[in-house]
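Single-letter residue listing:
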Amino acid sequence: MKHIAAAALLLLLAGGNATAEPEQAVAAIHELPLQPVVHSSETMLVSNCGQFVYLAHPPCRAVSVNQAATELLLALGLERRMVGTAYLDAAVRPDLLPAYQQVPVLAAKAPGRESLLAEEPDFVYATFSGMFSDASLGSRPMLHELGIPTYVSPVFCPGRKEPLTLEELLGEILDIGGIFKAQGRADALVADIRQRVARTAAKLKERGQPPVRAFLFDMDDRSPYTAGRLGPQQLLLTLAGAENIFSDIEARMANVSWEAVLERDPELIVIVDSLWSTAAHKLDLLQSNPALHQLRAVRTGRLVTMPFPDLMPGIRFGESVEKLAAAFHPEAQTAPTEAAP
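Note that this is a predicted model, so its numbers are computed, not measured.

A short note on the overall build of the protein chain
Here is step 1: A count of helical and extended segments in the protein chain gives 14 helices and 13 strands.
Here is step 2: The buried share among the 341 residues of the protein chain stands at 51%.
Here is step 3: Look at the contacts in the protein chain between residues 6 or more apart in sequence, and 68% of them connect residues 24 or more apart.
Here is step 4: When the accessible surface of the protein chain is totalled, it reaches about 15300 Å², and 55% of it is carbon and sulfur.

Given below as structure tokens:
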């Protein structure tokens, strides 16, 4: 009976649940069965950022570092298999807060190697590869030598040369679902994101409006930090109906000059809100600086604020595409669409 219910739920998510709120989708995903941990000689081999990760069994003492990694584990219902978490960029999603409160917080930022090892983890999962350094968690090879498998978001593997694709981004969710034997829940999360992206694409196509020329303002007053062509922000902007004015930069993120921003004169500015660089500060800069106030986006008030976690890979991605598309092309959000057959 459980398998029948799981299949029905997957069909619902894949076919007609794109209008559901993210909280409802995650709640429904938790109804899917989660395979118990079985300690056996069966070994799983996962290729991640050029390294092979060996797992003898699904992790039951996992540690997550960075918000996207933490929220994915929680959305998969794995809080009881976590012995620690660290480094939030903002509050966790409200629907995940009860689960988050069951997991010990090891550090406000990245825990040191000693603090990590004290928890005796059997899996360490971080969004950013920089977390695995001698100054932080320790290197991945060192942890692997100690018998602790690790995983880094493929989005942030070192040395990326090609733009990120939606399939790569969703592949991380499927990888983690496979590692924890939570494939059904991972499939449901992926189906929900795909449906949100597809619905947005259909609305934009129906209206036929050209992409809005957008500038993503992350941080730094003197030399603004913005999205290049290789990261999740570029993919997010594109799927939401925007043209990144710095898509010619061969990097995930890069510093540019205000002169270059003024020359390219974006129609809309996405302002990133983070603990280390608030949206309020950046809004004040744009509106009070005489030169920057001449930007078309500032003069017309086309300034969109997005929390930093909403611009990262993970469970928020589909919802973020919808939010940005609504801000970029509000006329498309009210356009009538044909009902699915």
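Points about the state of the cysteines
Here is step 1: Scanning the entire structure with this criterion turns up 1 disulfide.
Here is step 2: What pairs with Cys-49 in a disulfide is Cys-157, and their sulfur atoms sit 1.8 Å apart. Where Cys-49 bonds to Cys-157 through sulfur, the torsion about that S-S bond is close to -85 degrees, and the disulfide is left-handed. With Cys-49 in the loop between β1 (44-48) and β2 (51-55) and Cys-157 in the loop between β7 (150-152) and α7 (166-179), this residue pair connects regions lying 108 residues apart in the sequence.
Here is step 3: Its relative accessible area of 25% is what places Cys-49 among the partly exposed residues.
Here is step 4: Take Cys-157: its relative accessible area is 14%, and that puts it in the buried class.

Observations concerning α7
Here is step 1: With 14 residues, α7 extends 20 Å from end C-alpha to end C-alpha; this agrees with the ideal 20 Å at 1.5 Å per step.
Here is step 2: All of the buried residues in α7 are Leu-166, Leu-169, Leu-170, Glu-172, Ile-173, Ile-176, Gly-177, Gly-178 and Ile-179.
Here is step 3: Once α7 ends, the next one or two residues include Lys-181, with phi positive near 55 degrees.

Structural notes on the layout of surface pockets
Here is step 1: A volume near 470 Å³ is recorded for the largest pocket.
Here is step 2: Asp-89, Phe-128, Trp-276, Phe-308 and Met-312 are the residues nearest the centre of the largest pocket, which is lined by 20 residues in total.
Here is step 3: Split into classes, the residues belonging to the lining of the largest pocket amount to 13 nonpolar, 3 polar and 4 charged.

Examining the nonpolar core
Here is step 1: Of all hydrophobic cores here, the largest spans 62 residues; its most connected members are Phe-123, Ile-176, Leu-324 and Phe-328.
Here is step 2: Setting aside residues up to four positions removed in sequence, Leu-324 forms contacts with Leu-236, Leu-237, Ala-240, Val-270, Val-304 and Met-306.

Quick word on the packing of α7 against helix α8 (residues 183-207)
Here is step 1: Running from amino to carboxyl end, α7 crosses α8 at an angle of 160 degrees, the nearest separation of the two axes being 7 Å. As the angle between them shows, α7 and α8 are arranged roughly antiparallel. Both α7 and α8 take part in a crossing whose hand is right-handed. Judged by residue contacts, Leu-166, Glu-167, Leu-170, Ile-173, Leu-174, Gly-177 and Gly-178 of α7 engage Gln-183, Ala-186, Asp-187, Leu-189, Val-190, Ile-193, Arg-194 and Val-197 from α8.

Quick word on the sheet that holds strand β3 (residues 62-65)
Here is step 1: A sheet is described by the order of its strands in space; here 5 strands give the open sequence β5-β4-β3-β6-β7, paired in parallel fashion. Of all the strands in the sheet, just β5 (105-107) and β7 have a single pairing partner and so form its edges. The sheet shows a mean angle of 20 degrees between the axes of neighbouring strands, taken without regard to direction.
Here is step 2: Sheet topology note: the strand β6 (residues 123-126)/β7 ladder contains 3 bridges and is parallel. Across the sheet, the residue bridging to Ala-126 is Val-152, located in β7.

A look at the pattern of salt bridges
Once the charged atoms of two side chains with opposite charge are near each other, the side chains can pair.
Here is step 1: Tallied over the full model, the rule gives 13 salt bridges.
Here is step 2: Across the salt bridge formed by Arg-194 and Glu-167, the nearest N and O atoms sit 2.7 Å from each other. Here Arg-194 is found in helix α8, whereas its partner Glu-167 is found in helix α7, with 27 residues between them in sequence.
Here is step 3: Judged by relative accessible area, Arg-194 falls into the partly exposed class, the value being 34%.

Thresholds, definitions, all that
- Within each chain, residues carry numbers counting from 1 in the order of the written sequence.
- Since the coordinates come from a predicted model, pLDDT governs what is reported: local features require at least 70, and pairs of side-chain atoms require 80 or more to be given and counted, while whole-chain, interface and lining totals use all residues.
- Note that the side-chain values use all heavy atoms of the structure and ignore hydrogens as well as water.
- Helix and strand definitions here come from DSSP, where helices need a minimum of 4 consecutive H or I residues and strands a minimum of 2 consecutive E residues; each element is numbered from the N-terminal end.
- Relative accessibility decides the category of a residue: with a 1.4 Å probe and only protein chains considered, values under 20% of the type maximum give buried, values over 50% give exposed, and everything between is partly exposed.
- The criterion used for residue contact is that any of the two residues' heavy atoms lie within 4.5 Å.
- In short, Shrake-Rupley with a 1.4 Å probe defines the accessible areas, and a residue's cover is counted only from the protein chains shown.
- We call a pair of cysteine sulfur atoms a disulfide when they lie within 2.5 Å.
- To estimate how far a helix should reach, multiply one less than its number of residues by 1.5 Å.
- In the cavity and pocket records, a cavity denotes points on a 1 Å grid over the protein atoms alone where a 1.4 Å probe fits but cannot get out, a pocket denotes an open set with protein on both sides within 12 Å along at least 5 of 7 lines, and lining residues are residues with an atom within 4 Å of a point.
- Grid points are joined across faces, edges and corners, and a volume is the space filled by probe spheres set on the points.
- Under the scheme applied here, ten amino acids are nonpolar (Ala, Val, Leu, Ile, Met, Phe, Trp, Tyr, Cys and Pro), four are charged (Asp, Glu, Lys and Arg), and all others, including Gly, are polar.
- Here, nonpolar core means buried Ala, Val, Leu, Ile, Met, Phe, Trp, Tyr and Cys residues that are tied together by side-chain atoms lying within 4.5 Å of each other.
- Axis definition: a line fit to C-alpha positions, over the contact stretch in the case of helices; interaxial angles, taken between N-to-C directions, run 0 to 180 degrees.
- Angle categories are assigned with fixed cut-offs, so that under 35 degrees is roughly parallel, over 145 is roughly antiparallel, 65 to 115 is roughly perpendicular, and the rest are oblique.
- A crossing counts as left-handed when the near helix is turned anticlockwise from the far one by less than a right angle, and as right-handed when that turn is clockwise.
- Note: two strands are recorded as paired if DSSP finds a minimum of 2 bridges between them.
- Put simply, a salt bridge is a Lys or Arg side-chain nitrogen that is within 4 Å of an Asp or Glu carboxyl oxygen.

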